[in-house]
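Listed here are the chains, written in short residue letters.
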Amino acid sequence: AGGWGWGHGFFGETCCMCSRHMGSTTLLFAAGDYHHFYGSHNASWHCNNVCEFQCSLKGGHKFGCYVEQDLLRMSRRYGNRGNFQILHEDHSGSLC
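Residues numbered from 1 in each chain as written. Predicted model: local features only at pLDDT ≥ 70, side-chain atom pairs only at ≥ 80, totals over all residues. Heavy atoms only, no water.

Participant: It is not clear to me how the pairing of strand 2 (residues 25-34) should be interpreted in this structure. Could you clarify?
Facilitator: Every regular strand shows the same layout, with side chains that alternate between the two sheet faces. Within strand 2, eight of the 10 residues are buried, leaving the element largely enclosed by the surrounding structure. Looking at chain direction, strand 1 (residues 14-22) and strand 2 are connected through nine bridges and run antiparallel. Across the sheet, the residue bridging to Thr14 is Tyr34, located in strand 2. Linkage of strand 1 to strand 2, two consecutive antiparallel strands, is achieved through a turn of two residues, within which Gly23 is found at a positive phi near 65°. With three bridges joining them, strand 2 and strand 4 (residues 84-86) adopt parallel strand pairing. What sits directly across from Thr26, in strand 4, is Phe84. (Buried < 20%, exposed > 50% of the residue type's maximum accessible area, 1.4 Å probe, protein only. Helix = DSSP H or I, 4+ residues; strand = E, 2+ residues; numbered from the N terminus. Pairing = 2+ DSSP bridges.)

In structure tokens form, the structure reads like this:
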């Protein structure tokens, strides 16, 4: 995963991804990293319930909740397009 700038997470860990438009460019960035340690709900459920709010705090809108393999596919799909920019935070031990 390191080649695309993503961390390596725990199985089922989910990343809240946001988008923000800047001119003709769409920025994609992470707003939260969720795992299965939240109690009765899984990481995907928790992410889907708070992601839009987390994105709004960072000036964006929810792009979606993704697991590690989804993030790698997203990087391959959007990473080389001129109208998209994927911002990575430099975390050790976290997925996004």
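Participant: Just to check I follow, could you spell out helix 1 (residues 43-57) for this structure?
Facilitator: Each turn of an α-helix holds 3.6 residues, which means side chains three or four residues apart point in the same direction. With 15 residues, helix 1 extends 20 Å between its outermost C-alpha atoms, agreeing within 8% with the 21 Å of an ideal straight helix rising 1.5 Å per residue. The backbone nitrogen of Ser44 lies 3.1 Å from a side-chain oxygen of the residue at the head of helix 1, namely Asn42. (Expected span 1.5 Å × (residues − 1). Polar contact = N/O pair within 3.5 Å; in protein donor to acceptor, adjacent residues only side chain to side chain.)

Participant: Explain helix 2 (residues 68-78) to me, please; I cannot follow it from the model alone.
Facilitator: When we look at burial in helix 2, the residues that qualify are Glu68, Leu71, Leu72, Met74, Ser75 and Tyr78. Take helix 2 and look down its axis: the buried residues cluster within an arc of 160°, on one side only. In this structure, the buried side of helix 2 is in contact with strand 1, strand 2, strand 3 (61-66) and strand 4. (Arc of directions from axis to C-beta. Contact = heavy atoms within 4.5 Å.)

Participant: Help me out: how do you make sense of the state of the cysteines in this one?
Facilitator: Chemically, a disulfide is nothing more than a covalent bond linking the sulfur atoms of two cysteines. Inspection of the entire model under this criterion finds three disulfides. The disulfide bridge from Cys16 ends at Cys51, spanning 2.0 Å between sulfur atoms. Taking the sign of the S-S torsion, 85° for the link of Cys16 and Cys51, the bridge is right-handed. Here Cys16 is found in strand 1, whereas its partner Cys51 is found in helix 1, with 35 residues between them in sequence. Residue class for Cys16 comes out buried when judged on its relative accessible area of 0%. On the accessibility criterion, Cys51 (0% relative accessible area) is buried. Two residues, Cys18 and Cys55, share a disulfide whose sulfurs are 1.9 Å apart. (Disulfide = S-S within 2.5 Å.)

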